[in-house]
Structures are given as structure tokens and as C-alpha cells.
Amino acid sequence: MPRSGKEVDLEGRINGCFMRSMNGKPLPRESEEMQAMVAYMKWLSQSTPKNQKVTISNAGEVDTSLVADTARGEQIYYAQCATCHGDNGEGMKDSRGDIVFPPLWGDESFNIGAGMARTYKAAAFVKYNMPMGIQTKGLWGHGNVLTDQDAVDVSEFFAHKPRPDFPGKVNDWPTGNKPKDARY
Ligand code: HEC
């Protein structure tokens, strides 16, 4: 993994998501919850040979040479995203306080160490998954309606909004090769 400069096992990768994407704490490696998630992933991969690349239907790339236009991204956000993710990026909770639509910025959002805080990483997710429910077919009616430029613009807009810091950032990319959209 280029970001950590070493090979990371599944438990380490899951804890990376907890600490960055969920802005939370790592789980003990031997905990029941961690063991359950690893068991689930092993079950998912049981008929896939080791080292085989699998096709993911709602994942892909965007053109990373595109230059982002934040003002255009803001317009796209308020036209196509804010109904679910909120006028202030706060997302939406149900009456029990559980998250229905995740926040995209602010105190409850993913932190600056998450891949989603990087414009082009976020754009690749957004292009193939958002706006959710726009399609009548496919996985969850996911995305694939924005152009690469749309996805880059809207991602530049929300990715650069205020969000929690990630203290572990000092250890990232120890061997150099920091991507151009890294936030620190
Ligand atoms: C109909 C509601 C809806 C709309 C409209 C919508 N989203 Fe989402 N969005 C969701 C839901 C639900 C999730 C959580 C998906 C999941 O966990 O699989 C999500 C997840 C995300 C995430 C990941 C957040 C995280 O914490 O990892 C990003 C980024 C995102 N959306 C951006 C956008 C952008 C940009 C737009 C507009 C182009 C948009 N969304 C429009 C419902 C919506």
C-alpha cells in the first residue's frame, strides 16, 4: 500500500477505514467484531482464486488530468446532492439518530486522512455511485450519469470543506510518491 509504504493485512485495512473513513478508533485485532468482518470477507472470496482481480460493477476511474472548477462543483452539489447530503454537508439521520445519508463535511464526516477527502479518489467513487437512486437498474440505482468533469468539480467542492484532522497523517507516504490530490 503506497500510503503506508508497506504491505497491510485485512485487519489493518479495516482499522484504516475505522480511523479515517469513519473518523473512529481501531478495533482490537482479536475482537469478536474484527474476527466477524474478516470471516465475512473470507466467505465472500471463497470461490475466488488468490490474486485474481475481480470486476466491481460500480467502480472505475476518472481522468486525473482534469482541472477542477470549484464554483461549478458547488452548483452541481446544490442541484444534485444536497437533497440527501444536506445544505451544509451534514447528511441526514432518522428519528433514532442513525445515519441515513452520510455527512460529506463537518465534525461528523470522514476525516482528512480518508481517501474520500482526495478530489480524484472521491470523483471516481462519485461518478460510479452517485447520485444514488438516479438509475432504475443496477446496484441500488447507482450513478454513472455525471461526466468525469462533473465528478471532479463536485468532489473538489466537498472534499475541501472543513472536516476532522487525522493525527496519523504524519506517517503517510513514508517513501514519497505522494499523490497530487493528497491533503497534507
Ligand atoms: C438519494 C440520496 C442521495 C443523493 C441524491 C446523493 N447521495 Fe451520496 N450517498 C447517499 C447514500 C445513501 C450514501 C451511502 C452509500 C453507502 O454507504 O453505500 C452516499 C454516500 C456518498 C459518499 C460517501 C460518503 C462517505 O462517508 O464515504 C459521497 C462522497 C457521496 N455520497 C457524494 C455524493 C454526491 C457528490 C452527490 C451528488 C452528485 C450525491 N452523493 C448524491 C445518498 C445520496
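Residues numbered from 1 in each chain as written. Predicted model: local features only at pLDDT ≥ 70, side-chain atom pairs only at ≥ 80, totals over all residues. Heavy atoms only, no water.

## Some details on the site of the ligand
No. 1: Surveying the vicinity of the ligand reveals 18 residues, the closest of which are Cys81, Cys84, His85, Met130 and Met132.
No. 2: A distance of 2.8 Å is found between a nitrogen atom of the ligand and a side-chain nitrogen or oxygen belonging to His85. (Near = heavy atom within 4 Å. Polar contact = N/O pair within 3.5 Å; in protein donor to acceptor, adjacent residues only side chain to side chain.)

## Some details on the packing of aromatic side chains
No. 1: Inspection of the entire model under this criterion finds seven aromatic pairs.
No. 2: Note on Tyr77 and Tyr78: the rings are 5.0 Å apart at their centroids and 85° apart in plane angle, and the pair reads as edge-to-face.
No. 3: Summarising the aromatic geometry, the rings of Tyr77 and Phe157 are spaced 5.5 Å apart at their centres and angled 45° between planes, so their arrangement reads as tilted. Note that Tyr77 is positioned in helix H3 (residues 70–80) and Phe157 in helix H6 (residues 148–159), a separation of 80 residues in sequence. Taken individually, Tyr77 and Phe157 each receive the classification buried, so the pair is uniform in this respect.
No. 4: A network of ring pairs unites the aromatic residues Tyr77, Tyr78, Trp105 and Phe157 as a single cluster.
No. 5: Residue placement shows Lys161 over the ring face of Trp105; its charged tip is 5.1 Å from the ring centre. (Phe/Tyr/Trp six-rings, centres within 6.5 Å; stacked < 30°, edge-to-face > 60°. Helix = DSSP H or I, 4+ residues; strand = E, 2+ residues; numbered from the N terminus. Buried < 20%, exposed > 50% of the residue type's maximum accessible area, 1.4 Å probe, protein only. Lys NZ or Arg CZ within 6 Å of the ring centre and 35° of its normal.)

## Focus on a nonpolar patch on the surface
No. 1: On the surface, Leu10, Tyr40, Met41, Trp43 and Leu44 cluster together to form a nonpolar patch covering roughly 520 Å² of accessible area.
No. 2: In terms of residue count, the dominant contributor to the nonpolar patch is helix H2 (residues 32–44) (four residues).
No. 3: By the element assignment, Leu10 lies in helix H1 (residues 10–21).
No. 4: Here Leu10 falls in the partly exposed class, since its relative accessible area comes to 33%. (Patch = residues over 30% accessible without salt bridge, like charges linked within 9 Å, V, L, I, M, F, W, Y side chains within 5 Å. Areas by Shrake-Rupley, 256 points an atom, 1.4 Å probe, with all protein chains shown as cover. Salt bridge = Lys/Arg side-chain N within 4 Å of Asp/Glu carboxyl O.)

## As for the coordination of the iron atom of the ligand
Six octahedral donors around a metal ideally make angles of 90 or 180 degrees; four tetrahedral donors ideally make 109.5 degrees.
No. 1: Around the iron atom of the ligand, the donor atoms from the protein are His85 (NE2) and Met130 (SD), and they sit 2.0 to 2.3 Å away.
No. 2: Considering all six donor atoms around the iron atom of the ligand, angles at the metal cover 87 to 178° and the coordination shape is octahedral. Pair noted here: His85 is in helix H4 (residues 82–85) and Met130 is in the loop between helix H5 (119–129) and H6, with a separation of 45 residues, a long-range link. With respect to class, His85 is no different from Met130; both count as buried. (Donors = N, O, S within 2.8 Å, 3.2 Å for Na, K, Ca; no water. Tetrahedral: all angles 85-135°; square planar, octahedral: opposite > 155°, others 65-115°.)

## Quick look at the domain arrangement of the chain
No. 1: Split by domain assignment, the chain resolves into domain 1 (1–54) and domain 2 (70–165).
No. 2: Using C-alpha coordinates to define each centre, domain 1 is positioned 24 Å away from domain 2.
No. 3: The interface is formed by five residues belonging to domain 1 together with nine residues belonging to domain 2.
No. 4: Summing the contributions of domain 1 and of domain 2, the shared interface buries around 430 Å²; its carbon and sulfur component is 36%.
No. 5: Three residues, Arg20, Ser21 and Asn23, lead the burial of domain 1 against domain 2; their summed loss comes to 83% of the area buried on that side. (Domains from an automatic or database assignment. Contact = heavy atoms within 4.5 Å. Buried area = accessible area lost by both parts, 1.4 Å probe.)

## Quick word on the packing of H5 against H6
No. 1: Where H5 contacts H6, the axes come no closer than 8 Å and their chain directions differ by 125°. One element, H5, and the other, H6, form an angle in the oblique class. Viewed along their axes, H5 and H6 form a crossing whose handedness is right-handed. In this structure, H5 uses Thr119, Tyr120, Ala122, Ala123, Val126 and Lys127 to contact H6, whose residues at the interface are Asp148, Ala151, Val152, Val154, Ser155, Glu156, Phe158 and Ala159.
No. 2: Within the contact of H5 with H6, the residues separate by chemical class into nine nonpolar, two polar and three charged. (Axes fitted to C-alpha atoms, helices over the stretch in contact; angles between N-to-C directions. Parallel < 35°, antiparallel > 145°, perpendicular 65-115°, else oblique. Left-handed = near helix turned anticlockwise from the far one by under 90°. Nonpolar A, V, L, I, M, F, W, Y, C, P; charged D, E, K, R; others polar.)

## Focus: the side chain of Ser155
No. 1: One can find Ser155 in helix H6.
No. 2: When near neighbours in sequence (up to four residues on either side) are disregarded, Ser155 contacts Thr119, Ala122, Ala123 and Val126.

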